[in-house]
Amino acid sequence: MPDKLPLRQRIRADIAKNRKRIKELGPGLITGGAGDDPAGIVTYTVVGATTGFSQLWLLLLSTPMMIAIQNMAARIAIVTGKSLPEITTAFYSKKLTVFMVLLLAIANVLTIGADLNALAAIFHILFGFPTIHWLLLVTALIAGLIIFGSYRTVKRVLIWLTAVLGVYIVSAILAKPPVLKLLADTFVPQIHLQSAWIVAALGMLGTTISPYLMFWQASEEREEKKSVVQADEADFDTVVGMVWSNLLAYAMIVTGAVLLYGTHADIQDVRTLAETLRPAAGEYAFALFSLGIVASGFLAIPVLAGSTAYAVADTFGWREGMDNRVSDAKGFYLVFVGAIFVGAGINLAHTLSVVDALYYSQVLDGMLIPVLILIAWMISNNPKIMGTYVSGRFENIFAVLAFGVTTALSGVMLWQWLS
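Residues numbered from 1 in each chain as written. Predicted model: local features only at pLDDT ≥ 70, side-chain atom pairs only at ≥ 80, totals over all residues. Heavy atoms only, no water.

(A) Local environment of the overall build of the chain. Counting its regular elements, the chain contains 18 helices and zero strands. Relative to its full complement of 419 residues, the chain shows a buried share of 55%. For the chain, the proportion of contacts with a sequence separation of at least 24, taken over those separated by at least 6, is 84%. For the chain, the computed accessible surface area is about 18,100 Å², with 68% contributed by carbon and sulfur atoms. (Helix = DSSP H or I, 4+ residues; strand = E, 2+ residues; numbered from the N terminus. Buried < 20%, exposed > 50% of the residue type's maximum accessible area, 1.4 Å probe, protein only. Contact = heavy atoms within 4.5 Å. Areas by Shrake-Rupley, 256 points an atom, 1.4 Å probe, with all protein chains shown as cover.)

This is the structure we're talking about:
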């Protein structure tokens, strides 16, 4: 029996187990980092610039909601070996699946366009040369990584980029926030009824709880080919990824609040944000900010495009997966790379501004999030599908809470859109 082993052997066994869990980190960590894409960085920084520290408690509340939702998506994939589109088609309706995936694809492509624009703008600020040149180069680099890199190669690159995003924590520390006020606003809820505060709250929660993250993590858990006995490892991976994601978001809000709150800065996109931060933060902090934008863009764009490709392929029964050659999964790779090129095309055609792309993608996400949460909740609590691996109390409580919050937010966003 393990409890009868000598103390040294028990400690060594625990160390070995923990090392194994760290090695298993992947889908959840990548998913969490991808949630803080350039569009998200703008949103979180603007939240800090317009509302100060007053929404930090709301971000704290969103962390267990994210963990619960992503845990459900990961467990469904591991236990059933099927994706959300496959299960919704089998147990609900093919029309519902097509509608769900169509909204996801449009929202993802709009966000990809905004993120590519952000990368091109940062490279233009740092190195000169026209933005259009950087746009084409970045698009080609990401497409090449997807086409010519195996899943393991892509995973290693994405994990390293996730780690690089830690520069935002450094930026928040360099901003020297007032610690006592920071702690008070983090743990003491406050709500303001001004329109700017409400809009910022909608943008922050809409960015934090994104539909594409559910599709991506579920697909990657299947790509990892984990068995049901590894479900606890997936839970650990998810917790680490979501906590890391919101820690980064927290740092971005703090940085925006310290450097920009009360300055009435007019932030429209990554370029104006960078130019606003440069004199306030200094060259060193600006360099860290730029590094984070670049890392987040190269991390998030493949995740956005990949979640679209997995969802479309599973909807129509195509072969999918990054361990397949392009010739063996043509439809999957066509959607994967095509989503990136269409996103770039939005910038080339000048049909939408970055702000418009972010706004409309948030509206579509707002329509999709409650539907996805409801579907995931019903599936994960169905013993005929999940067996003994149905959701626990933690997942159910916070998934229901997330459903209520996102439904209310969706209603407000649609009302604003129609108005």
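After that view of the structure, there is still more to cover.
(B) Structural view of the packing of helix α6 (residues 94-127) against helix α15 (residues 330-349). The interhelical angle for the contact between α6 and α15, taken along N-to-C directions, is 65°, at an axis separation of 8 Å. Between α6 and α15 lies a crossing whose hand is right-handed. Where α6 abuts α15, its residues Val-109, Leu-110, Ile-112, Gly-113, Leu-116 and Asn-117 lie against Ala-339, Ile-340, Val-342, Gly-343, Ala-344, Ile-346 and Asn-347. Its residues assigned to classes, the contact of α6 with α15 comprises nine nonpolar, four polar and no charged. (Axes fitted to C-alpha atoms, helices over the stretch in contact; angles between N-to-C directions. Left-handed = near helix turned anticlockwise from the far one by under 90°. Nonpolar A, V, L, I, M, F, W, Y, C, P; charged D, E, K, R; others polar.)

(C) Highlighting the confidence of the model for the chain. Per-residue confidence for the chain gives a mean pLDDT of 77; residues scoring 70 or more make up 73%. In the model of the chain, helix α2 (residues 27-34) stands out as the element of lowest mean pLDDT, 50, in contrast to helix α10 (residues 179-187), which has the highest, 91. The low-confidence segment residues 18-26 (pLDDT under 50) makes 15 contacts with residues lying over four places distant or belonging to another chain. Note on residues 225-231: pLDDT under 50 across the span, and 13 contacts to partners over four residues away in sequence or across chains. (pLDDT = per-residue confidence, 0-100.)

(D) How the structure looks around the packing of aromatic side chains. The tally for this structure, following the rule as stated, stands at nine aromatic pairs. Their ring planes at 25° and their centres at 6.2 Å tell us that Phe-123 and Phe-127 sit as a pair that is stacked. With Phe-123 and Phe-127 both in helix α6 and four residues apart, this pair spans about one turn of that helix. What makes Phe-123 buried here is its relative accessible area of 13%. Exposure remark for Phe-127: the relative accessible area of 52% places this residue in the exposed category. An aromatic cluster of three or more residues is present, and its members are Phe-123, Phe-127, Phe-129 and Trp-134. (Phe/Tyr/Trp six-rings, centres within 6.5 Å; stacked < 30°, edge-to-face > 60°.)

(E) Region of interest: a nonpolar patch on the surface. Residues Phe-91, Tyr-92, Leu-374, Trp-377, Met-378, Val-400 and Phe-403 make up a contiguous nonpolar surface patch of roughly 600 Å² in combined accessible area. Going through the elements one at a time, α16 (354-380) and α18 (393-418) are the ones with two or more residues in the nonpolar patch. With three residues, α16 is the largest single contributor of residues to the nonpolar patch. A residue is classified by how much of its surface remains accessible, and Val-400, at 47% relative accessible area, is partly exposed. (Patch = residues over 30% accessible without salt bridge, like charges linked within 9 Å, V, L, I, M, F, W, Y side chains within 5 Å. Salt bridge = Lys/Arg side-chain N within 4 Å of Asp/Glu carboxyl O.)

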